[in-house]
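A closer look at the structure
Here is what each chain is made of, one letter per residue.
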Amino acid sequence: NNTMENFDQVERRVDSSDKHNFDQDGTYSFHAEADIDIRYSAVKNNPCVGLTFFKMIALFWRKRNSIDWLLYPHRIICLFLMSVFNSFLSLLELIYISIILRANGVSKLATNDMEAPVFILGVPRSGTTLLHSLLSLDTERFFVCSTFCAGFPSCFLFFEKLGKRLFSGVLSETRPMDNMELHFDLPQEDELATCLLTGFQCSPYLSLYFPRDEKEFREYQTFRNSGKREIDTWTSAFKVLIKKLKMREVISMIEKGLNPNIFHRRLLLKSPCHTGRVRLLTKLYPNAKFVFIHRHPMEVFLSGAHMASTTYGYCFLQRPSDKELQEYILRQGEILIGEYLSCVDDGILGDHNSCEISFEQLTSNPETTIKKIYSTLNFDSFEDHSNSTYPIQLGNECMRLKEYK
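The rules we used
Residues numbered from 1 in each chain as written. Predicted model: local features only at pLDDT ≥ 70, side-chain atom pairs only at ≥ 80, totals over all residues. Heavy atoms only, no water. Helix = DSSP H or I, 4+ residues; strand = E, 2+ residues; numbered from the N terminus. Rg over C-alpha atoms; globule rule 2.2 N^0.38 Å. Buried < 20%, exposed > 50% of the residue type's maximum accessible area, 1.4 Å probe, protein only. Contact = heavy atoms within 4.5 Å. Pairing = 2+ DSSP bridges. Axes fitted to C-alpha atoms, helices over the stretch in contact; angles between N-to-C directions. Phe/Tyr/Trp six-rings, centres within 6.5 Å; stacked < 30°, edge-to-face > 60°. Lys NZ or Arg CZ within 6 Å of the ring centre and 35° of its normal. Arc of directions from axis to C-beta. pLDDT = per-residue confidence, 0-100. Left-handed = near helix turned anticlockwise from the far one by under 90°. Nonpolar A, V, L, I, M, F, W, Y, C, P; charged D, E, K, R; others polar. Disulfide = S-S within 2.5 Å. Core = buried A, V, L, I, M, F, W, Y, C linked by side-chain atoms within 4.5 Å.

Here we come to the overall build of the chain. Within the chain one finds 15 helices and five strands. Taking 22 Å as the expected radius of gyration for a compact globule of 405 residues, we find that the chain reaches 21 Å, a close match to that expectation. By residue count, 57% of the 405 residues in the chain fall in the buried class. Intrachain contacts of the chain at a sequence separation of at least 6 include 81% that bridge at least 24 residues.

Here it is as structure tokens:
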């Protein structure tokens, strides 16, 4: 029995013991900076740590009237200093790509791969990370955007091995919001990398840094009401990231002695933001596959509120009220689910390219649920004729996670 029913367990019903978390007007009390380690953290668990110098300066100038300069000088100074180092690394990466990777054909091989990614969809705290981690165990079929690649997208091709040791102190040993293991080799949200490559433009994750300005960034959840410049900025950065991840895969294939002319694996991406961008993603990748995971709304909110209380404070450059944080969590879910259902109604998503599961299915019967995904997307790892080791790896990981809470 490999059930994981205790995974991220929260109560759907708010009883008398939980009411202290809510004000009289129904606003959740987040206490996002109550922990002194969070309040005075400079770069730890902060996705902005990978931003380069000129993009950092542009961000500070663009949001100069929004930043709480006197509250977060330690964070601003450290991020500024890191950006100088990141720019130096970025320059070395450009030289590495322009001279070495082009000369040995890695860049061309990555460009020639036309296989579309598989996208994991779902609102934050609906189980996307769990699903991502379980699917990414199938290393015979998938490769991913790692945590180091997401955090340092400007330099991971040449600097990853050294960088993982040099920047190891940037990460907690476990994720603050759910105690899941955290290190640079684990799969991570690609939107973090795309956000950095755009210079912190055109991403709803700007809301984590400037939560009082959250309404300003809502359009980037779907891009349906965005102008051509914003869409092009995000799309260009996203394509750069995809190409770099494929170059990383080509390098890995060469190191393993595999034929780099034939891609053996497919890119597996996860970011809740993509739930609202299916229309744009299907235009970029008509053959993309999608897996959508959903969860009871009350569980999503309570788990999301816990994440805001334990994680968002690492990022703030602007102090929000509890009402602003709650509005962000609720409105984000409303936008993403609304756009997903619209794509289903319009036939953009369907049996031809997507599979839908619930968090309850994944945690109560993980192996059967993963088999359903593979069957729907025509992946054969569970077929009798398959020699894949993934089913065994999946079973072992589910056993390991049984007692997780």
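The rest of the description comes next.
Glancing now at the sheet that holds strand E2 (residues 142-144). Strand order in this open sheet of five strands is E2-E3-E1-E4-E5, and the pairing throughout is parallel. The outermost strands of the open sheet, each flanked by one partner alone, are E2 and strand E5 (354-358). Neighbour to neighbour, the strand axes of the sheet diverge by 25 degrees on average, direction disregarded. In the sheet, E2 pairs with strand E3 (residues 266-270) via three bridges, with the strands oriented parallel. Bridge pairing in E3 links Phe143 to Leu267.

Attention now moves to the packing of aromatic side chains. Tallied over the entire structure, the rule returns 28 aromatic pairs. Residues Phe119 and Phe290 carry aromatic rings whose centres are separated by 5.5 Å and whose planes lie at 20 degrees to one another, so their mutual orientation is stacked. A residue pair is termed long-range when its members are at least 10 positions apart, and Phe119 in strand E1 (residues 118-121) and Phe290 in strand E4 (residues 289-294) qualify at 171 residues. Take Phe119 and Phe290: they sit in the same class, and that class is buried. Of the aromatic side chains, those joined through ring pairs into one cluster are Phe85, Tyr96, Phe148, Phe152, Phe158, Phe159, Phe167 and Phe184. The aromatic ring of Tyr40 is capped on one face by Arg39, whose charged end is 4.7 Å from the ring centroid. Above the face of the Phe156 ring, Lys244 is positioned so that its terminal group lies 4.9 Å from the ring centre.

Moving on to the pairing of E3. Where burial is concerned, most of E3 is hidden: five out of the five residues are buried. Pairing between E1 and E3: three bridges, direction parallel. Looking at the pairing, Phe119 lines up with Leu269 of E3.

This part covers the environment of Pro320. Within the secondary structure layout, Pro320 lies in the loop between helix H11 (297-310) and helix H12 (322-345). Its relative accessible area of 16% is what places Pro320 among the buried residues. Residues Pro320 and Thr194, spaced 126 residues apart in sequence, show a C-alpha to C-alpha distance of 25 Å. Not counting the four nearest positions on each side in its chain, Pro320 is found in contact with Pro211, Arg212 and Leu325.

Among the residues of helix H7 (residues 156-166), those classed as buried are Phe156, Leu157, Phe159, Glu160 and Gly163. Along H7, the residues classed as buried sweep out an arc of 140 degrees about the axis, all on the same side. The outward face of H7, more than 90 degrees from its buried face, is lined by the exposed residues Lys161 and Arg165. Of the surrounding secondary structure, the elements contacted by the buried residues of H7 are helix H3 (73-103), helix H6 (147-151) and helix H9 (228-255).

Right, let's talk about the pairing of E1 for a bit. The two faces of E1 match: Val118 and Ile120 on one face and Phe119 and Leu121 on the other face are all buried. Here E1 runs beside E4; their pairing, made up of four bridges, is parallel. Directly across from Ile120, in E4, lies its bridge partner Val291.

The next thing to look at is unusual backbone geometry. At His31, a position not held by glycine, the phi torsion is positive, near 55 degrees. Residue placement: His31 occurs in the segment before helix H1 (36-39). You can call His31 exposed: its relative accessible area is 54%.

Overall, the prediction assigns the chain a mean pLDDT of 92, with 94% of residues at 70 or greater. Here residues 13-17 is a poorly scored stretch, pLDDT under 50, and it has four contacts once near neighbours within four places are set aside; other chains count.

Moving on, we get to the packing of helix H14 (residues 366-376) against helix H15 (residues 390-400). One way to put it is that H14 packs onto H15 with a least axis distance of 10 Å and a crossing angle of 145 degrees. Relative to H15, H14 is oriented so that their crossing is right-handed. Listed contacts from H15 to Pro366, Glu367, Ile370 and Tyr374 of H14 are Tyr390, Pro391, Leu394, Gly395 and Cys398. Here the residues of the contact of H14 with H15 are counted per class, giving seven nonpolar, one polar and one charged.

Covalent bonding between the sulfur atoms of two cysteines is what defines a disulfide. Overall, the coordinates contain zero disulfides when judged by the stated rule. Among the cysteines around Cys78, which has no disulfide bond, Cys48 carries the closest sulfur, lying 12 Å off. Counting only cysteine sulfurs, Cys48 is the nearest neighbor of Cys195, a cysteine outside any disulfide, at a range of 7.8 Å. On the accessibility criterion, Cys195 (3% relative accessible area) is buried.

The next subject is the nonpolar core. Counting 91 residues, the largest nonpolar core has Phe119, Phe200 and Leu245 as the members making the most contacts within it. At nine residues, the largest contribution of residues to this core is made by H9. If sequence neighbours within four positions are ignored, Phe119 has contacts with Phe238, Leu269, His274, Leu281, Tyr285, Ala288, Lys289, Phe290 and Val291. Counting 24 residues, the second-largest nonpolar core is a separate cluster that includes Ile357, Phe359, Leu394 and Leu401.

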